[in-house]
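Secondary and tertiary structure notes
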Amino acid sequence: MSVSQSVRLSVQNMSCASCVGRVERSLMAVPGVSDVSVNLASETVQAQVDAPERVAEIVAALDTAGYPARSQTVRLNIASMTCASCVGRVDKALAAVPGVWDVNVNLASETATVTYAEGAVSLDDLLRAAREAGYPATPADAAAQEDASTRKTEEARALARKTLLAAVLALPVFLLEMGAHVVPGAHDLIGRTIGHEASWMIQFLLTTVVLAWPGRAFYTKGFPALFKGAPDMNSLVAVGTSAAYLYSLVALFAPTLLPEAARAVYFEAAAVIVVLILLGRWMEARAKGRTGAAIQKLLGLQARTARVLVDGEAQDVPIEQISTGAILLVRPGERIAVDGEVTQGSAHVDESMITGEPVPVAKSEGDPVTGGTVNGTGSFQFRATRVGADTTLAQIIRMVEEAQGAKLPIQGMVDRITLWFVPAVMALAALTVLVWLILGPSPALSYALVAGVSVLIIACPCAMGLATPTSIMVGTGRAAEMGVLFRKGDALQQLTGVGVVAVDKTGTVTEGRPELTDMVLAGGFGRAEVLALVAAVEAQSEHPIAEAIVRAAEAEGAARHTVDGFESITGYGVRAQVAGRDVLIGADRLMAREGLDPGPLTDAETDLANRGRTALFAAIDGRVAAVIAVSDPVKPSSAAAIRALHDLGLKVAMITGDKRETAEAIARETGIDHVIAGVLPDGKVAALDELRAGGKAVAFVGDGINDAPALAHADVGIAIGTGTDVAIESADVVLMSGDLRGVVNAFEVSTRTMRNIRQNLFWAFGYNVALIPVAAGVLYPAFGLLLSPVLAAGAMALSSVFVVTNALRLRRVRPAMKETAEASASAALSPAAAE
């Protein structure tokens with residue numbers, strides 16, 4: 001059975017929403033490829049494949065479609081090679097990594113040069129493949145690795161140079177032509193000095209350079225796409241400017257082919273259009289570079305080297321070479337390189353990048369540490385437990401990247417429109433020319449050219465393609481800085497439709513660290529005896545309530561017993577043999593199941609539950625011996641978070657396995673609207689269906705293994721990041737700190753991002769709906785107004801810049817709830833935390 005895996009590639013030549021549609025269609029046609037998501041803003045494609053071999057097919061499909069995947073080349077130093085057979089084995093191992101295109105292994109220099117698809121392969125993948133083949137590898141020049149940020153910066157610089165060159169060349173053309181029409185006496189002055197024909201010749205030469213040099217890409221990409229029957233925005237620019245240019249050539253070199261009234265040149269339109277569109281692309285590239293700021297901040301948290309103990313000596317080692325089990329030394333003020341466990345020493349570590357808590361956390365032997373966090377005072381050693389792509393920080397980065405590459409349901413509408421948009425615009429431009437030739441005033445040919453070119457230029461669908469992905473990139477990035485990770489990007493849109501937030505109790509509303517508060521004994525039993533027997537059984541369990549009982553027994557010096565035949569009865573309790581005695585611990589339903597009568601302890605259990613305690617019965621040798629009560633304090637921030645959710649118009653429900661009396665006491669304290677109590681782990685799914693019966697979408701917030709089915713079943717599953725890996729893997733959204741305020745922040749980011757997307761789409765579509773008719777000349781009969789192609793180019797360029805700039809406003813989103821000293825302060829992954 002094949003196992004689906006995710007592939008992410010960086011793609012070239014995408015410039016508008018039409019490109020996005022073509023890339024998606026070309027990949028969906030590849031067998032075994034599904035869930036294709038194309039992001040114009042980050043210029044990436046993400047897909048699920050049923051086998052590693054599909055990567056090569058995806059790359060081939062992208063190349064055929066005219067959108068080749070970007071490649072990267074890395075040079076590795078290879079150890080242990082001694083002969084030609086070693087070369088073959090290294091070559092085979094590296095070539096087998098999905099996404100690798102070319103491998104060149106050199107025995108003499110003991111190096112391998114590997115070319116691979118950017119995004120599909122990481123350096124860690126190559127190092128691991130070489131190491132597993134028996135030939136350890138290291139980067140020959142790690143500094144030469146180009147990341148996406150560097151590439152975007154360089155692209156922006158290149159566009160700036162092209163724009164400047166084009167502007168310098170186009171300025172004389174613009175002044176010669178437009179000056180003659182606008183400035184009084186300029187026309188006669190040109191005629192008396194250089195002459196009008198010479199003026200046209202200068203315009204021709206300069207415009208030719210503009211089109212052939214800085215503007216060349218429009219034609220080398222646009223015309224091939226047009227000839228393939230898949231025109232894009234480059235095609236619109238290429239056709240529009242070429243029409244103006246060729247018309248001007250005829251007017252200059254073969255004027256007799258045109259009616260005398262129509263003999264005019266439009267070199268300035270072609271040249272200035274190129275300048276304005278290049279200017280727009282440069283501004284867009286600069287803005288798009290800032291959309292990935294969150295990822296860059298996260299990458300900045302990664303240590304580059306670490307001090308590894310080798311034979312008792314500390315050596316500085318690149319992070320890529322650290323392996324699981326290595327012992328690392330961390331000095332005061334240093335950033336921890338990878339995840340691990342303290343083996344020696346103690347310190348206080350700033351974990352605000354993970355938890356949002358500003359207070360450093362004490363670490364000593366046996367405690368876990370997380371890569372990317374910062375050591376404060378003290379020095380310690382730790383054993384690496386997770387390295388490379390397995391570290392918490394690497395997983396966070398991967399979650400953010402995947403969320404930023406997601407396609408929201410709202411994007412489907414845009415894609416359906418852009419499938420026919422560019423061909424429709426070209427058809428409309430042709431119709432515009434035809435109507436002007438038939439009905440237009442003299443010189444009809446000139447009017448037809450101006451209107452047709454204006455329609456082509458103004459309708460470029462860049463803004464449509466950028467409207468959704470740029471907002472997603474910035475919104476999910478800002479959410480990550482606030483400690484909210486969208487594992488699935490479509491949760492951004494789904495959250496806006498949620499009407500009910502259901503929360504688990506233990507570890508979500510409460511601290512998840514209960515303490516023993518009461519023990520009410522039946523006649524004939526002593527506290528020390530019962531506590532020792534119960535603690536011996538509960539020591540076999542990892543449940544927070546069990547831990548509370550064990551802690552209390554240790555504090556009271558209770559006797560220790562060996563346990564035999566431990567049995568966990570799911571949803572009811574536990575049973576074991578302790579020192580030859582049968583011990584049963586669980587809720588009242590367990591006593592009923594076993595046919596045991598609690599007698600007068602029933603009233604004590606009810607009273608404890610009414611006071612917000614979680615009460616359990618303990619039975620010894622078939623007799624109910626005691627009621628044991630524990631209390632799990634409510635988190636300081638829970639009540640405020642629930643009030644904030646109410647302010648957003650949301651209802652809050654609590655689902656718990658506790659008795660109703662206990663649950664309702666907590667609900668009264670925190671303001672929860674609805675309680676579903678006494679629920680077995682598998683009953684949480686049914687509880688969600690009950691809440692959903694009112695027709696409202698439900699979000700579920702939980703942190704435990706038994707919450708995983710509910711997290712997966714909810715319309716939006718939100719996992720507390722301090723919970724289990726199983727819960728996190730089942731969720732759509734992960735809160736990096738164990739705080740319900742993160743839920744409020746998730747809704748805030750979702751609402752603001754979707755509002756931003758709707759603004760962008762309204763602008764992108766409204767712009768085209770309003771201005772295409774104007775460009776076609778609909779205002780000319782009534783007002784004598786005909787839009788200049790130059791103004792059309794400026795408007796088109798500004799539309800894309802507007803959309804990206806509007807998306808960047810999401811970087812200013814602030815946490816919806818004010819932080820307090822009692823309930824933790826700084827946002828996770830904030831700039832302050834990253835320093």
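In this text the structure is predicted, and so the values were computed from the model without any measurement.

So, the overall build of the protein
For the protein, the helix and strand inventory stands at 31 helices and 29 strands. In the protein, which comprises 835 residues, the proportion classed as buried is 52%. Once local pairs closer than 6 in sequence are excluded, the contacts in the protein between residues at least 24 apart make up 70%. Looking at the protein as shown, the accessible area adds up to about 34700 Å², and 57% of this sits on carbon and sulfur atoms.

Side note on a positive patch on the surface
On the surface, R755, R758, R809, R812 and R814 cluster together to form a positively charged patch. For R814, the position within the fold is in the loop between α30 (789–808) and α31 (831–834).

Side note on the pairing of strand β20 (residues 563–569)
On any regular strand, side chains alternate: one points to one face of the sheet, the next to the other face. As judged from the five bridges shared by β20 and strand β21 (residues 573–578), these two strands associate in the antiparallel manner. Across the sheet, S568 pairs through a bridge with V574, a residue of β21.

Examining the packing of aromatic side chains
Each aromatic ring pair is summarised here by two numbers: the centre-to-centre distance and the angle between the ring planes. For the structure on display, the rule yields 13 aromatic pairs. Measuring from centroid to centroid gives 5.9 Å for Y245 and F267, while their planes differ by 70 degrees, and the two rings are edge-to-face. Here Y245, found in helix α9 (residues 233–253), pairs with F267, found in helix α10 (residues 267–291); they are 22 residues apart in sequence, far enough to count as distant. Taken together, the ring pairs in this structure connect F204, Y245, F253 and F267 into an aromatic cluster. A cation over a ring is seen here: R593 above Y572, with NZ or CZ 5.2 Å from the ring centre.

Details of helix α2 (residues 54–65)
Between its first and last C-alpha, α2 extends 16 Å over twelve residues, near the 16 Å set by a 1.5 Å rise per residue. Among all positions in α2, only R54, V55, I58, V59, A61 and L62 are buried. Buried residues of α2, viewed axially, fall in a sector of 160 degrees; they line one side. Across from the buried face of α2, at angles greater than 90 degrees, the exposed residues are A56, D63 and T64.

Digging into the pattern of salt bridges
The tally for this structure, following the rule as stated, stands at 24 salt bridges. Across the pair E43 and R70 runs a salt bridge, and its minimum N-O distance is 3.3 Å. Placement of E43 in the loop between β2 (33–39) and β3 (44–49) and of R70 in the loop between α2 and β4 (71–78) is noted, with a sequence separation of 27 residues between them. Judged by relative accessible area, which is 9%, E43 ranks as buried. Given a relative accessible area of 11%, R70 falls into the buried group. Note that R54 is salt-bridged to D50, the shortest N-O span being 2.8 Å. Several salt bridges share partner residues, and in doing so they unite D518, D607, R611 and R613 into one network.

Quick look at the UniProt feature "transmembrane region" (unreviewed entry) in the protein
UniProt marks residues 164–186, 198–215, 236–258, 264–282, 417–439, 445–468, 761–780 and 786–808 with the feature "transmembrane region" (unreviewed entry), using the numbering shown here. Summarising residues 264–282: 84% helix, 0% strand, and an end-to-end C-alpha distance of 31 Å. Across residues 761–780 one finds 85% helix and 0% strand; the C-alpha atoms that close the span lie 28 Å apart.

Section: the side chain of R54
Note that R54 resides in helix α2. In this structure the side chain of R54 is engaged in a polar contact, spanning 2.8 Å, whose partner is the side chain of D50. The residues touching R54, leaving out its near neighbours within four places in the chain, are P31, G32 and V49.

Points about α9
The end-to-end C-alpha distance of α9 is 30 Å, a good match for the 30 Å that 21 residues give at a rise of 1.5 Å each. By the criterion of burial, α9 is predominantly enclosed, with 16 of the 21 residues buried.

Here's the deal with the sheet that holds strand β14 (residues 368–369)
Whenever strands of a sheet pair, they do so through backbone hydrogen bonds, lying parallel or antiparallel. Ordered in space as β9-β8-β10-β16-β11-β14, the six strands form an open sheet in which the pairing is antiparallel. Pairing within the sheet leaves two strands with one partner each, and these edge strands are β9 (313–318) and β14. Here strand β10 (residues 327–330) pairs with strand β16 (residues 380–386) via four bridges, running antiparallel. Counted as the bridge partner of I327 is R383 from β16.

Overview of the state of the cysteines
Applying the stated criterion across every chain yields a total of zero disulfides. Here C16 is not disulfide-linked; the sulfur of C19 is the nearest cysteine sulfur, at 3.8 Å. The class for C16 is buried, based on a relative accessible area of 0%.

Digging into the sheet that holds strand β15 (residues 374–375)
Taken in spatial order, the three strands of this open sheet run β13-β12-β15, and their pairing is antiparallel. Of all strands in the sheet, those bounded by a partner on one side alone are β13 (361–363) and β15. Note: strand β12 (residues 347–350) against β13, three bridges, orientation antiparallel. Residue pairing across strands places V349 opposite V361, the latter belonging to β13.

Let's talk about the environment of E529
Secondary-structure assignment places E529 in helix α19 (residues 527–538). Through-space distance from the C-alpha of E529 to that of A559 is 8.0 Å; in sequence the pair is 30 residues apart.

Remarks on the pairing of β21
Linking two consecutive strands that pair antiparallel, namely β20 and β21, is a turn of three residues; a positive phi of about 85 degrees is found at G571 within it. As judged from the six bridges shared by β21 and strand β22 (residues 581–586), these two strands associate in the antiparallel manner. Counterpart to A576 in the pairing with β22 is V583. Linkage of β21 to β22, two consecutive antiparallel strands, is achieved through a turn of two residues, within which A579 is found at a positive phi near 50 degrees.

Some words on unusual backbone geometry
Trans is the prevailing form of peptide bonds, just as negative phi is the prevailing case for residues other than glycine. A cis amide bond links S442 with the next residue in sequence, P443, at an omega value of -5 degrees. Here P443 shows up in the loop between α14 (409–439) and α15 (444–458). Of note, N13 is a non-glycine position whose phi angle comes to about 75 degrees, a positive value. Relative to the helices and strands, N13 is located in the loop between β1 (5–10) and α1 (17–28). Here N13 falls in the partly exposed class, since its relative accessible area comes to 26%. Phi at D621 is positive, roughly 55 degrees, even though this residue is not glycine. One can find D621 in the loop between β23 (614–620) and β24 (623–631). Of the residues examined, D621 reaches a relative accessible area of 42% and is grouped as partly exposed.

Let's talk about the environment of D504
Note on placement: D504 falls in strand β18 (residues 498–504). With relative accessibility at 7%, the residue D504 sits in the buried group. For D504 and T656, which are 152 residues apart along the polypeptide, the C-alpha to C-alpha distance reads 6.0 Å. Those residues in contact with D504, other than ones at most four positions away along the chain, are V509, I655, K684, F700, V701, G702, D703 and D707.

Topic: a nonpolar patch on the surface
A cluster of nonpolar side chains, namely L428, L431, L434, V435, L437, I438, L439 and L445, defines an oily patch on the protein surface of about 710 Å² accessible area. The biggest single contributor to the nonpolar patch is α14, with seven residues. For I438, the position within the fold is in helix α14.

Quick word on the packing of α9 against α15
It is the contact of α9 with α15, at a shortest axis distance of 8 Å, that shows an interaxial angle of 160 degrees. Classified by the angle between their axes, α9 and α15 sit roughly antiparallel to one another. As α9 packs across α15, the resulting crossing turns out to be left-handed. Listed contacts from α15 to L236, V237, V239, G240, A243, A244 and Y247 of α9 are L445, S446, L449, V453, L456 and I457. Taken together, the residues that form the contact of α9 with α15 break down as eleven nonpolar, two polar and no charged.

Rules of the game
Residues numbered from 1 in each chain as written. Predicted model: local features only at pLDDT ≥ 70, side-chain atom pairs only at ≥ 80, totals over all residues. Heavy atoms only, no water. Helix = DSSP H or I, 4+ residues; strand = E, 2+ residues; numbered from the N terminus. Buried < 20%, exposed > 50% of the residue type's maximum accessible area, 1.4 Å probe, protein only. Contact = heavy atoms within 4.5 Å. Areas by Shrake-Rupley, 256 points an atom, 1.4 Å probe, with all protein chains shown as cover. Patch = residues over 30% accessible without salt bridge, like charges linked within 9 Å, V, L, I, M, F, W, Y side chains within 5 Å. Salt bridge = Lys/Arg side-chain N within 4 Å of Asp/Glu carboxyl O. Lys, Arg positive; Asp, Glu negative; His and termini not counted. Charge placed at Lys NZ, Arg CZ, Asp CG, Glu CD. Pairing = 2+ DSSP bridges. Phe/Tyr/Trp six-rings, centres within 6.5 Å; stacked < 30°, edge-to-face > 60°. Lys NZ or Arg CZ within 6 Å of the ring centre and 35° of its normal. Expected span 1.5 Å × (residues − 1). Arc of directions from axis to C-beta. UniProt positions renumbered as here; feature names shortened; annotations may be inferred. Polar contact = N/O pair within 3.5 Å; in protein donor to acceptor, adjacent residues only side chain to side chain. Disulfide = S-S within 2.5 Å. Axes fitted to C-alpha atoms, helices over the stretch in contact; angles between N-to-C directions. Parallel < 35°, antiparallel > 145°, perpendicular 65-115°, else oblique. Left-handed = near helix turned anticlockwise from the far one by under 90°. Nonpolar A, V, L, I, M, F, W, Y, C, P; charged D, E, K, R; others polar.

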